[in-house]
Amino acid sequence: LKYRAIHVGLLVMVFFLSFVLAYFETGSLLSALYPILFVGLVLILLWTYFSIKSQRIDNQLLSRIGLGDVFFFFAISPLFHLHNYVIFFITGMFIAMLYPLIRSQSYREHFIPLAGVLAFYLLVWKGASYVFEVNLFFEPLFWMPWTILT
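Described in the following lines is the structure provided in the data block. (Residues numbered from 1 in each chain as written. Predicted model: local features only at pLDDT ≥ 70, side-chain atom pairs only at ≥ 80, totals over all residues. Heavy atoms only, no water.)

### Description of the packing of aromatic side chains
According to the stated counting rule, one finds 16 aromatic pairs in the structure shown. Summarising the aromatic geometry, the rings of Phe 15 and Phe 19 are spaced 5.0 Å apart at their centres and angled 80° between planes, so their arrangement reads as edge-to-face. Here the residue Phe 15 and the residue Phe 19 both occupy positions in helix α1 (residues 8-26), the gap between them amounting to 4 residues, near one helical turn. Overall, Phe 15 belongs to the partly exposed group, its relative accessible area being 23%. Through a chain of ring-to-ring contacts, three or more aromatic side chains come together here, namely Phe 38, Phe 73, Phe 80, Tyr 85, Phe 88, Phe 89, Tyr 121, Trp 125 and Phe 137. (Phe/Tyr/Trp six-rings, centres within 6.5 Å; stacked < 30°, edge-to-face > 60°. Helix = DSSP H or I, 4+ residues; strand = E, 2+ residues; numbered from the N terminus. Buried < 20%, exposed > 50% of the residue type's maximum accessible area, 1.4 Å probe, protein only.)

Okay, here's the thing in structure tokens:
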């Protein structure tokens, strides 16, 4: 595939469905906002890092990470409690870093289909939730220092 893209309408639909599912799971929309704020914070920190590294303030973030990937982060974030989204996000980034090694040694493309890798990982996460009969999306997996906030 030469042209990799995802329709923004699909991501908007996923975002609203994620909010609906979060509301039915928790009874509140407030818990869905914390992961969204986390994604925003990560993006601001990345933008700051790239600006400091290049010694000028510009928008290099979108040249290094796809806009569809950013929208995907926001679209799926309401599906998770903050603690679980942080775990999903960190482990998903690690899996995405391993993607070129898993794919093959002859894989020459310099881009990692981050949204695709994370979408597959989301399916694995959901499958594991069914198999182990535990809600990996909203039940805290580990105690984290910011549990006092939520």
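### Quick look at the nonpolar core
Counting 37 residues, the largest nonpolar core has Phe 73, Phe 80, Tyr 85, Phe 88 and Trp 125 as the members making the most contacts within it. Looking at this core, the elements with two or more residues in it are α1, α2 (30-54), α4 (67-76), α5 (82-103) and α6 (114-131). For this core, the element with the most residues is α5, which contributes 8 residues. (Core = buried A, V, L, I, M, F, W, Y, C linked by side-chain atoms within 4.5 Å.)

### Focus: the layout of surface pockets
Its boundaries defined by the atoms lining it, the second largest pocket holds a volume of some 350 Å³. Together, 17 residues line the second largest pocket, and Leu 21, Leu 79, Lys 126, Phe 137 and Phe 138 are the ones closest to its centre. Listing elements by their share of the lining of the second largest pocket, those giving two or more residues are α1, α4 and α6. Of the residues contributing to the lining of the second largest pocket, the split by class is 12 nonpolar, 3 polar and 2 charged. (1 Å grid on protein atoms, 1.4 Å probe; cavity = no way out; pocket = protein on both sides within 12 Å on 5 of 7 lines; lining within 4 Å. Points joined across faces, edges and corners; volume = space filled by probe spheres on them. Nonpolar A, V, L, I, M, F, W, Y, C, P; charged D, E, K, R; others polar.)

### Digging into the packing of α2 against α4
Two elements in contact, α2 and α4, have axes separated by 8 Å at closest approach and are oriented at 155°. With respect to α4, the element α2 is oriented roughly antiparallel. Of the two possible hands of crossing, α2 and α4 adopt the one that is right-handed. Judged by residue contacts, Ile 36, Val 39, Gly 40 and Leu 43 of α2 engage Val 70, Phe 73 and Phe 74 from α4. Of the residues contributing to the contact of α2 with α4, the split by class is 6 nonpolar, 1 polar and no charged. (Axes fitted to C-alpha atoms, helices over the stretch in contact; angles between N-to-C directions. Parallel < 35°, antiparallel > 145°, perpendicular 65-115°, else oblique. Left-handed = near helix turned anticlockwise from the far one by under 90°. Contact = heavy atoms within 4.5 Å.)

### Quick word on the side chain of Asn 84
With respect to the element layout, Asn 84 can be found in helix α5. With a relative accessible area of 0%, Asn 84 lands in the buried category.

### Things to note about unusual backbone geometry
Positioned with a positive phi, Gln 55 is a non-glycine residue whose angle comes to about 60°. Along the polypeptide, Gln 55 turns up in the loop between α2 and α3 (61-64). Residue Glu 133 is not a glycine yet carries a positive backbone phi of 50°. Note on placement: Glu 133 falls in the segment after α6.

### Focus: α4
Of all the positions in α4, only Asp 69, Val 70, Phe 72, Phe 73, Ala 75 and Ile 76 are classed as buried. Buried-residue contacts for α4 involve α1, α2, α5 and α6.

### What about a nonpolar patch on the surface?
Where nonpolar side chains cluster on the molecular surface, the patch consists of Val 8, Val 12, Phe 16, Leu 62, Leu 67 and Phe 71 and spans about 520 Å² of accessible area. Looking at the nonpolar patch, the elements that each hand over two or more residues are α1 and α4. Here Phe 16 shows up in helix α1. (Patch = residues over 30% accessible without salt bridge, like charges linked within 9 Å, V, L, I, M, F, W, Y side chains within 5 Å. Areas by Shrake-Rupley, 256 points an atom, 1.4 Å probe, with all protein chains shown as cover. Salt bridge = Lys/Arg side-chain N within 4 Å of Asp/Glu carboxyl O.)

So far we have only geometry, and geometry alone does not tell us how the molecule works.
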